Amino acid sequence: MAETTAPYGATAAHPPAARKSVNLPRLADMQARGEKIAMLTAYDATFAAVADAAGVDCLLVGDSVGMVCQGLPSTVGVSLETMRHHTEGVARGLQRVQGAAFLVADLPFGSYQQSREQALASATVLMQAGAQMVKLEGGGWTTETVRFLVERGIPVCAHLGLTPQTVHALGGYRVQGKGDAAAALLLAQALALQDAGAALLVLEMVPAALATTLTRELTRCATIGIGAGRGTAGQVLVLHDMLGMHLAKAPRFVRNFMAGGGGIQDAIAAYVRAVKEGSFPDDALHAW
Ligand code: KIV
């Protein structure tokens, strides 16, 4: 029998407000208990509600919106106004279904590099649009920016490894942290970001062994991997990637969760299950 579908993706099997809200203490508790954190990108109200009903812990309004929704060649061209607009839509979608997911939004390229004050002003725009945490890319110079934001009540997710906003400096979308020196630098940067107060750390395209080491070393900052193997405290994917929708070739670390059949909410629920039970990613297929 067909399931009754309510607006914004909630179904009888996945009623809205059936979960407790995810917040910083709950994320820390999940890390401490070893429960994997399932994060997914979202760019609009409806997908946010569907992903929330499917059990996603954290929604990321990623600046990947530029590539996925705007057709840009990289995330470099994404503006703060675009991030504000999409964050507001996602936040409204969550409010409409009394969603439980924790909402993270990306500070786009050029919105935080100039000064800590610029970062605070940009983060304020995203927090007032409904974000509960902002994400920024890079290590080293970002440490004091993270501290500045955290001291002022803004939760921060850091992002190391492949940092797409600096794709031109990196020379392409390549695996980062290979070799002893690069791995040691990444570890030092990650520890400094944790000390500065970052509560989450996205690790993108780094060797699985290195991501596992970082996850073990960071006890107050949960690692969220993308192309970093299964040893991280959580996983994140770009929504369109895991639904099998690509303008270009899918990266190796992606699994198409639509391939199992069913609808979009089923695919997202399958992703959440796979992250929680540790069957995604498969290090032989999706990692380095
Ligand atoms: O912008 C984005 O979607 C991201 C994820 C890939 C982590 O930063």
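In this report, we go over the structure that sits alongside the text.

Calculation criteria
Residues numbered from 1 in each chain as written. Predicted model: local features only at pLDDT ≥ 70, side-chain atom pairs only at ≥ 80, totals over all residues. Heavy atoms only, no water. Axes fitted to C-alpha atoms, helices over the stretch in contact; angles between N-to-C directions. Helix = DSSP H or I, 4+ residues; strand = E, 2+ residues; numbered from the N terminus. Parallel < 35°, antiparallel > 145°, perpendicular 65-115°, else oblique. Contact = heavy atoms within 4.5 Å. Nonpolar A, V, L, I, M, F, W, Y, C, P; charged D, E, K, R; others polar. Buried < 20%, exposed > 50% of the residue type's maximum accessible area, 1.4 Å probe, protein only. Pairing = 2+ DSSP bridges. Right-handed = clockwise from strand over helix to strand, strands pointing away. Near = heavy atom within 4 Å. Polar contact = N/O pair within 3.5 Å; in protein donor to acceptor, adjacent residues only side chain to side chain. Areas by Shrake-Rupley, 256 points an atom, 1.4 Å probe, with all protein chains shown as cover. Phe/Tyr/Trp six-rings, centres within 6.5 Å; stacked < 30°, edge-to-face > 60°.

What follows is about the packing of helix H4 (residues 80-96) against helix H5 (residues 116-128). The geometry of a pair of packed helices is captured by two quantities: the angle between their axes and the separation between those axes. Put simply, H4 and H5 touch, their axes get as near as 8 Å, and they point 25° apart. The pairing of H4 with H5 is recorded here as roughly parallel in orientation. Contacts between H4 and H5 involve Leu-80, Met-83, Arg-84 and Thr-87 from the former and Ser-122, Val-125 and Leu-126 from the latter. Looking at the contact of H4 with H5 residue by residue, the classes come out as 4 nonpolar, 2 polar and 1 charged.

Quick look at unusual backbone geometry now. Across residues other than glycine, the phi torsion is negative in most instances, and most of the peptide bonds are trans. Between Phe-280 and Pro-281 the backbone carries a cis peptide bond, its omega angle lying at 0°. Positioned with a positive phi, Gln-98 is a non-glycine residue whose angle comes to about 50°. As for its position among the elements, Gln-98 is in the loop between H4 and strand S3 (102-106). Assessed through its relative accessible area of 58%, Gln-98 is described here as exposed. The phi dihedral of Met-205 falls on the positive side, at around 50°, and the residue is not glycine. Inspection of the secondary structure puts Met-205 in the loop between strand S6 (200-204) and helix H9 (208-217). According to the relative accessible area criterion, Met-205 is buried, its value standing at 9%.

Moving on to the pairing of strand S1 (residues 37-41). Here S1 lies mainly inside the structure; 5 of its 5 residues are buried. Side-chain alternation along S1 places Ile-37, Met-39 and Thr-41 on one buried face and Ala-38 and Leu-40 on a second face that is also buried. Pairing geometry for S1 and strand S8 (residues 234-237), over 4 bridges, is parallel. The partner of Ile-37 across the bridge, within S8, is Gly-234. In the sheet, S1 pairs with strand S2 (residues 58-61) via 3 bridges, with the strands oriented parallel. Counterpart to Leu-40 in the pairing with S2 is Leu-59. Read from S1 through helix H2 (residues 45-53) to S2, the crossover connection turns out right-handed.

The next thing to look at is the site of the ligand. Taken together, Thr-41, Leu-60, Gly-62, Asp-63, Ser-64, Asp-106, Lys-135, His-159, Val-202, Ile-226, Val-236 and Val-238 form the complete shell of residues around the ligand. A distance of 2.5 Å separates an oxygen atom of the ligand from a polar atom in the side chain of Ser-64. Between an oxygen atom of the ligand and a side-chain N or O atom of Asp-106, the distance comes to 3.1 Å. Coverage of the ligand by the protein amounts to 95% of the 260 Å² it exposes when considered alone. Partitioning the shell around the ligand into residue classes produces 5 nonpolar, 4 polar and 3 charged.

Take the pairing of strand S4 (residues 133-137) next. Burial analysis of S4 places 5 of its 5 residues in the buried class, which makes it a mostly covered element. Of the two faces of S4, the one holding Met-133, Lys-135 and Glu-137 and the one holding Val-134 and Leu-136 are both buried throughout. Sheet topology note: the S3/S4 ladder contains 3 bridges and is parallel. When the sheet's bridge partners are listed, Ala-105 is paired in S4 with Val-134. The parallel pair S3 and S4 is bridged by H5, and the resulting crossover is right-handed. Here 4 bridges tie S4 to strand S5 (residues 156-161), and the two strands are oriented parallel to one another.

Looking now at the packing of aromatic side chains. A full pass over the atoms with the stated rule returns 5 aromatic pairs. Ring centres 6.3 Å apart and planes at 65° place the aromatic pair Phe-253 and Trp-288 in the edge-to-face group. Of this pair, Phe-253 sits in the loop between helix H10 (239-242) and helix H11 (264-277) while Trp-288 sits in the segment after helix H12 (283-286), placing them 35 residues apart in sequence. Judged by its relative accessible area of 33%, Trp-288 falls in the partly exposed class. An angle of 80° between the planes, with centres 5.5 Å apart, marks the rings of Phe-257 and Phe-280 as edge-to-face. Highlighted residues: Phe-257 in the loop between H10 and H11 and Phe-280 in the loop between H11 and H12, separated in sequence by 23 residues. Side by side, Phe-257 and Phe-280 carry an identical accessibility label, which is buried.

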